[in-house]
Amino acid sequence: MSQLENRIKVERENLPKHIAFIMDGNGRWAQQRKMPRSFGHNAGLDAMRRVIRFYGEVGIKVLSFYAFSTENWKRSQREVNFLMNLPIDFIEQDLPELMERGARLIYSGDLTKIPKKTLDAMRRGEKATAQNNDLIINIAFNYGGRDEIIRGIRAMALEHKEGFLQALNEEDLGKFLDHPELPDPDLIVRTGGEQRLSNFFLWQAAYSELFFTEEYWPDLNEELLEKILGDYLDRNRRFGGL
Ligand code: IPE
Ligand code: IPE
Ligand code: MG
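In every chain, residue numbers begin from 1 and rise along the written sequence. Each chain gets a letter, beginning with A, and each ligand a number, beginning with 1, in the order they are written. In keeping with the predicted nature of the model, local features appear solely for residues at pLDDT of at least 70, side-chain atom pairs appear and are counted solely at 80 or more, and the whole-chain, interface and lining totals rest on all residues. Side-chain measures here rest on the full set of heavy atoms in the structure, leaving out hydrogens and waters.

A.B. asks: Can you help me understand the site of ligand 1 in this one?
C.D. replies: In the region of ligand 1, 13 residues are neighbours, and D24, G27, R28, R37 and R75 sit closest. Definition of a polar contact: a pair of N or O atoms within 3.5 Å, with one able to donate and the other able to accept a hydrogen when the atoms are protein atoms, and with sequence-neighbouring residues admitted only if both atoms are side-chain atoms. Separating an oxygen atom of ligand 1 from a backbone N or O atom of R28 is a distance of 2.7 Å. Methods summary: accessible areas were calculated by the Shrake-Rupley approach with a probe of 1.4 Å, and residue burial reflects only the protein chains presented. Protein coverage of the free-state accessible area of ligand 1, which is 380 Å², stands at 87%. A run of DSSP states H or I qualifies as a helix once it reaches four residues; a run of E qualifies as a strand once it reaches two. Both are numbered from the N-terminal end. Only α2 (26-32), α3 (37-58) and α4 (77-101) provide two or more residues apiece to the shell around ligand 1. In terms of residues, the shell around ligand 1 owes the most to one element, α2, which gives 3 residues. One heavy atom suffices: a residue is near a molecule or strand as soon as one of its heavy atoms comes within 4 Å of it.

So, in structure tokens, the structure goes:
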């Protein structure tokens, strides 16, 4: 038994319940190979599959993936179009495996701005997996942390009307965010060398552990995934206490 397998057994209750990934570095990975950025995004989708397999087997219950930010619309039309097609590929190719794994597909972000063809596929994936319970895969798509908080405040104000200020507190606003049923991420992993959140999970990251690696997202392999988990298990989370 590998050292990690042993630790997973012994420290099962300390394992992260929710790991979130900022999948960065696809473009640079492709550039390194003198290939178009789209080649990197396809390789990025493969890396996402590896994470789902590996951490799914480990028994992590929620995996979130930052796939398209509210700022990514600034990229070329060509790249945006390519990124808008990736969810379609994922659902067309991976639905059988998701079903086999008992994985449920959900989304964070403002989906009202997503092209119809993409949104139809995303909804199809969500519907088909709605009864699955072993693993939640949350894709953040047209997601921005600030946008999510503003949408939440608006929804809460609409519901509470004049009582809004009275009702406004952390717990209740949290219920108006995209997925109040999910635990906050215990761990946020960013590949690609940048050490920033880029508008990801601003509310939910309050006490997340952060892990940054220079590796480009498409280079993510099981060895690094093991290292990330081992590193997390070594940390001491105090949440402001002693
Ligand atoms: C993927 O990495 C993240 C997405 C926005 C899809 P990038 O496309 O940002 O790759 P780099 O950072 O330019 O290398
Ligand atoms: C963050 O990556 C967004 C996603 C991974 C979807 P970016 O490449 O867009 O972030 P910046 O521009 O380097 O901050
Ligand atoms: Mg980037």
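A.B. asks: Help me out: how do you make sense of the site of ligand 2 in this one?
C.D. replies: As a structural note, the neighbourhood of ligand 2 is formed by I22, M23, D24, Y66, A67, F68, S69, N72, R75, R190, R196 and S198. Here D24 contributes a side-chain N or O atom positioned 3.1 Å from an oxygen atom of ligand 2. Protein contact buries 78% of the 390 Å² of open area that ligand 2 shows by itself. In terms of residue count, strand β2 (residues 62-69) provides more of the shell around ligand 2 than any other element does, 4 residues in total.

A.B. asks: Quick question: what am I supposed to make of the nonpolar core here?
C.D. replies: A general trend in soluble globular proteins is that nonpolar side chains are found buried together. Counting 47 residues, the largest nonpolar core has F21, Y55 and F65 as the members making the most contacts within it. Excluding anything up to four places from it in sequence, F21 contacts V51, Y55, L63, S64, F65, Y66, V189, F200, W217 and L225. Counting 9 residues, the second-largest nonpolar core is a separate cluster that includes Y66, A140, F201 and A205. Definition used in this section: a nonpolar core is a set of buried Ala, Val, Leu, Ile, Met, Phe, Trp, Tyr and Cys residues joined via side-chain atoms within 4.5 Å. A 1.4 Å probe rolled over the protein chains alone gives each residue an accessible area, and that area as a share of the maximum for its type sets the label: buried under 20%, exposed over 50%, partly exposed in between. Two residues form a contact once any of their heavy atoms are found within 4.5 Å.

A.B. asks: Mind showing me how you'd approach the pattern of salt bridges here?
C.D. replies: Side chains that differ in sign of charge can pair as their charged atoms come close. Put simply, a salt bridge is a Lys or Arg side-chain nitrogen that is within 4 Å of an Asp or Glu carboxyl oxygen. By the definition in use, this model includes 23 salt bridges. With a closest N to O distance of 3.7 Å, E194 and R196 form a salt bridge. Looking at R196, the relative accessible area reads 46%, which means it is partly exposed. For R235, the salt bridge goes to D231, with nearest N and O atoms at 2.8 Å. Given a relative accessible area of 27%, R235 falls into the partly exposed group.

A.B. asks: Sorry, what's going on with the side chain of N138 here?
C.D. replies: In this fold, N138 is placed in strand β4 (residues 135-143). For N138, the side chain forms a polar contact with the side chain of S108, separated by 3.1 Å. Look past the residues within four positions of N138 in its chain and what remains in contact with it is L63, S64, F65, I106, Y107, S108, H179, L182 and F201.

A.B. asks: How should I be thinking about the packing of α3 against α4 in this particular structure?
C.D. replies: Helix-helix packing is described using two parameters, namely the angle between the two axes and the distance between the axes. Each axis is a line fitted through C-alpha atoms, taken for helices only over the stretch in contact, and angles between the N-to-C directions span 0 to 180 degrees. Two elements in contact, α3 and α4, have axes whose closest approach is 11 Å; the angle formed by their N-to-C orientations is 25°. With respect to their mutual orientation, α3 and α4 come out roughly parallel. At the point where α3 passes α4, the crossing takes the right-handed sense. For the pair formed by α3 and α4, the contact residues are R37, S38, H41, N42, L45, M48, R49, I52, R53 and E57 on the first element and E79, F82, L83, L86, D89, F90, Q93, D94, E97 and R101 on the second. Residue polarity is assigned by list, with Asp, Glu, Lys and Arg as charged and Ala, Val, Leu, Ile, Met, Phe, Trp, Tyr, Cys and Pro as nonpolar; anything else, Gly included, falls into the polar class. Residues belonging to the contact of α3 with α4 are distributed by class as follows: 7 nonpolar, 4 polar and 9 charged. Orientation labels follow simple angle bins: below 35 degrees gives roughly parallel, above 145 gives roughly antiparallel, 65 to 115 gives roughly perpendicular, and whatever is left gives oblique. Handedness of a helix crossing follows the sense of rotation of the near helix relative to the far helix, less than a right angle counterclockwise being left-handed and clockwise being right-handed.

A.B. asks: When you look at unusual backbone geometry in this model, what are you seeing that I'm missing?
C.D. replies: Glycine aside, a negative phi is what most residues show, and trans is what most peptide bonds show. For N142, which is not a glycine, the phi torsion comes out positive at approximately 50°. Residue placement: N142 occurs in strand β4. Of the residues examined, N142 reaches a relative accessible area of 4% and is grouped as buried. With phi around 50°, K161 is a residue other than glycine that occupies positive phi space. Here K161 lies in the loop between α6 (145-160) and α7 (164-167). By relative accessible area, which is 53% here, K161 ends up exposed.

A.B. asks: What am I meant to see in the packing of α3 against helix α9 (residues 222-233) here?
C.D. replies: Running from amino to carboxyl end, α3 crosses α9 at an angle of 45°, the nearest separation of the two axes being 10 Å. Compared by their axis directions, α3 and α9 come out oblique. Both α3 and α9 take part in a crossing whose hand is right-handed. Of α9, the residues touching α3 (which contributes R50, V51, F54, Y55 and V58) are E222, L225, E226, I228 and L229.

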